[in-house]
Amino acid sequence: MSDILFYIFSGLVLFCGALVILNRNPVNSAMFLVLTIISMAALFVLLHAFFLAAVQVVVYAGAVIVLFLFVIMLLDLKEEQRRKIKAFGAATGILSVIAIVFVFWRSLAQTSLTTVPVMAEGGTLDLGRLLFTNYALPFEILSVLLLVAMVGVILLSKKDLK
Amino acid sequence: MNLTPVGLEHYLVVSGLMFSLGLLGVIMRRNLLVIYMCLELMLNAANLALVAMARFNGKLDGQIVVFFIITVAAAEVAVGLALIVALYRKRRTAHVEDLTAMKL
C-alpha cells in the first residue's frame, strides 16, 4: 500500500515540479509549487517524518508561498512574453543539466546503499529531544539568523534606501 | 506489474530528478520570481534525500538538518523577495535580461 502511495506522490511531485517551470504565468507557477510541496509533505509522511511533514506544510505552503503571491501581486507581473531564447545559453543550460543527471546516476550506480533494519521514526518527541540536547547551539544560532533576516528585510524595504 | 519494494534508491532517484528540474528552471526561465521558486524546488529535493537517508539509516540527525534547512530557506526567501522588490522599485523590471548594469 505504501509502495503505491510512493509512486503516486513521487509522480505528483515530478509532474507539478515540471509544471512550475513550464507555466508562463508566475501565479500558476506558485500554485503548482504549493501542490509540489504538499506532495513532498506526503512523501515525508511515508518516510515517517511526521513532524517535518507538518512543518513543511505550515512553513512552505503557509508562509513562503503566501510571501511569493504577495510579491507577485505587489510587482503586478504580467505573463512572461515570448522572447527569443539565445541558442548558446539554452544549449549550455541543457548540457549542464544532463551533466548533473549523469553525475547523480553514476554515483547512485556505484555506491552500495546500506540500510539498517531498525528505521528512524521522526516523531515530535524524539526530534525535540535531539534538537534541544545535541543540536542546542545550532538551534540558538538559527534564532539569531532569523532576527538578522528580519532586521535586514525591514532595512531593505525602506522607501529611501541610502 | 511487478515492482520492487520501495527503498532508499527510489527516494534518491526522485530527489535527483527533482533537483535537475529545479536546475533546469533556474537556467531556462527569465523571470526573477520564477527562478526563486525553482531554487525552492532544489532545496526541497535536497530535503527529500536527507529525510530518506535519515529514515533508512536509523538516525534522526538528517531530519534535524532538514528542520534547519527549512528555517534558513524561510529567512532566505524573506530577504531575497525584499531584494527583488527593492530592485523592481529602482528598475521597474523583474526580467533578468533587462538587468545588465554589470555587463561590460
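Residues numbered from 1 in each chain as written. Chains lettered and ligands numbered in written order. Predicted model: local features only at pLDDT ≥ 70, side-chain atom pairs only at ≥ 80, totals over all residues.

Here we look at the overall build of chain B
Next up, step 1: For chain B, the count of helices and strands is 3 helices and 0 strands.
Next up, step 2: Its helices and strands taken in sequence order, chain B reads α-α-α from the N to the C terminus.
Next up, step 3: By the compact-globule yardstick of 13 Å for 104 residues, chain B is too spread out, its C-alpha radius of gyration being 18 Å.
Next up, step 4: For chain B, the spread of C-alpha atoms along the principal axes amounts to about 55 × 30 × 25 Å.
Next up, step 5: The buried share of chain B, taken over its 104 residues, is 42%. (Helix = DSSP H or I, 4+ residues; strand = E, 2+ residues; numbered from the N terminus. Rg over C-alpha atoms; globule rule 2.2 N^0.38 Å. Buried ≥ 20, exposed ≤ 12 C-beta atoms within 10 Å, placed from the backbone.)

As for the overall build of chain A
Next up, step 1: A tally of regular secondary structure across chain A gives 6 helices and 0 strands.
Next up, step 2: Its helices and strands in sequence order give chain A the pattern α-α-α-α-α-α, from N to C terminus.
Next up, step 3: Relative to the globule expectation of 15 Å for 162 residues, the C-alpha radius of gyration of chain A, 20 Å, shows a markedly less compact shape.
Next up, step 4: Considered along the principal axes of its C-alpha atoms, chain A spans approximately 55 × 40 × 30 Å.
Next up, step 5: Going through the 162 residues of chain A one by one, you find that 23% of them count as buried.
Next up, step 6: Contacts in chain A between residues far apart in sequence, at least 24 positions, make up 57% of those at least 6 positions apart. (Contact = placed C-beta atoms within 7 Å.)

Quick word on the confidence of the model for chain B
Next up, step 1: When pLDDT is averaged along chain B, the result is 87; 97% of the residues meet or exceed 70.
Next up, step 2: Scored by ipTM, the complex comes to 0.89, with pTM at 0.89. (pLDDT = per-residue confidence, 0-100.)

Quick look at the packing of helix H4 (residues 87-110) of chain A against helix H1 (residues 8-28) of chain B
Next up, step 1: The interhelical angle for the contact between H4(A) and H1(B), taken along N-to-C directions, is 165°, at an axis separation of 10 Å. Considering the angle they form, H4(A) stands roughly antiparallel to H1(B). Along this stretch, H4(A) crosses H1(B), giving a crossing that reads as right-handed. Counting all contacts with H4(A), which are made through Ala90(A), Gly93(A), Ser96(A), Val97(A), Ile100(A), Val101(A), Phe104(A) and Leu108(A), the residues of H1(B) involved are Glu9(B), Leu12(B), Gly16(B), Ser20(B), Leu23(B), Leu24(B), Ile27(B) and Met28(B). (Axes fitted to C-alpha atoms, helices over the stretch in contact; angles between N-to-C directions. Parallel < 35°, antiparallel > 145°, perpendicular 65-115°, else oblique. Left-handed = near helix turned anticlockwise from the far one by under 90°.)

A look at the interface of chain B and chain A
Next up, step 1: Taken together, the contact pairs 60 residues of chain B with 66 residues of chain A.
Next up, step 2: The set of elements that each furnish at least two residues to the side of chain B that touches chain A consists of H1, helix H2 (32-57) and helix H3 (61-91) of chain B.
Next up, step 3: Examining the composition of the side of chain B that touches chain A, we find that 20 residues originate from one element, H3(B), more than from any other.
Next up, step 4: Looking at side-chain class alone, the side of chain B that touches chain A contains 43 nonpolar, 11 polar and 6 charged residues. (Nonpolar A, V, L, I, M, F, W, Y, C, P; charged D, E, K, R; others polar.)

Points about unusual backbone geometry
Next up, step 1: A positive phi angle, close to 60°, is found at His48(A), a residue other than glycine.
Next up, step 2: With a phi angle near 60°, Arg92(B) is a residue other than glycine that sits in the positive phi range.
Next up, step 3: Given 9 C-beta atoms within 10 Å, Arg92(B) falls into the exposed group.

Details of the domain arrangement of chain A
By convention, interface size is frequently given as the accessible area that disappears when the constituent parts associate.
Next up, step 1: Here chain A is described as being made up of domain 1 (1-80) and domain 2 (123-162).
Next up, step 2: Here the C-alpha centre of domain 2 of chain A lies 23 Å away from the C-alpha centre of domain 1 of chain A. (Domains from an automatic or database assignment.)

A look at the nonpolar core
Next up, step 1: Phe44(A), Leu33(B), Met37(B), Leu48(B), Val51(B) and Ala52(B) are the most contacted members of the largest nonpolar core, which totals 61 residues.
Next up, step 2: For this core, the secondary structure elements donating two or more residues are helix H1 (2-22), helix H2 (26-46) and helix H3 (50-75) of chain A together with H1, H2 and H3 of chain B.
Next up, step 3: Looking at this core element by element, the count peaks at 17 residues for H2(B).
Next up, step 4: If sequence neighbours within four positions are ignored, Phe44(A) has contacts with Ala49(A), Leu52(A), Ala53(A), Gln56(A) and Val51(B). (Core = buried A, V, L, I, M, F, W, Y, C linked by C-beta atoms within 7 Å.)

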